Amino acid sequence: MRVTATELKNNLGKYLETSIREPVIVEKNGRAVSVFISYHAYEKFLNLEEQLWGLQAMQAEEKGYLGID
């Protein structure tokens, strides 16, 4: 769902509820500037980010970039 910053400001409660079900993309001056997502989705994102960093570290170690003994 896409909303303007003004629409978000005027109906914050509505869009907080909506963000539980789907991302709410906030536009200002016709361009996307922010996204509201549920806390659960945010936690999943953090977990995926952490897994990605771990994978990249393992790949760097396999290629000899990390000197971990």
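Conventions used here
Residues numbered from 1 in each chain as written. Predicted model: local features only at pLDDT ≥ 70, side-chain atom pairs only at ≥ 80, totals over all residues. Heavy atoms only, no water. Buried < 20%, exposed > 50% of the residue type's maximum accessible area, 1.4 Å probe, protein only. Helix = DSSP H or I, 4+ residues; strand = E, 2+ residues; numbered from the N terminus. Arc of directions from axis to C-beta. Contact = heavy atoms within 4.5 Å. Expected span 1.5 Å × (residues − 1). Salt bridge = Lys/Arg side-chain N within 4 Å of Asp/Glu carboxyl O.

K.L.:
Which residues make up helix 2 (residues 12–21), and what values do they have?
P.N.:
Within the sequence span of helix 2, burial applies to Tyr-15, Thr-18 and Ser-19. Each buried residue of helix 2 lies within a common arc of 105° when the element is viewed along its axis, so the set occupies one face. Set apart from the buried face of helix 2 by more than 90 degrees, the exposed residues are Ile-20 and Arg-21. Lining the buried residues of helix 2 we find strand 1 (2–4), helix 1 (5–10), strand 2 (24–28) and strand 3 (31–36).

K.L.:
Lay out the side chain of Ser-19 in plain terms, naming residues and giving numbers.
P.N.:
Relative to the assigned elements, Ser-19 resides in helix 2. Overall, the relative accessible area of 7% leaves Ser-19 in the buried class.

K.L.:
Give me the lowdown on helix 3 (residues 39–62), citing residues and values where you can.
P.N.:
Here helix 3 is 24 residues long and its end C-alpha atoms lie 35 Å apart, about the 34 Å a rise of 1.5 Å per residue gives. Just downstream of helix 3 lies Gly-64, where phi reads positive at about 85°.

K.L.:
Quick rundown of the pattern of salt bridges? Include the residues and the values.
P.N.:
Using the criterion set out here, one finds one salt bridge in the structure. One salt bridge in this structure joins Arg-2 and Glu-27, with 2.6 Å as the shortest N-O distance. Of this pair, Arg-2 sits in strand 1 while Glu-27 is found in strand 2, placing the two residues 25 residues apart along the sequence.

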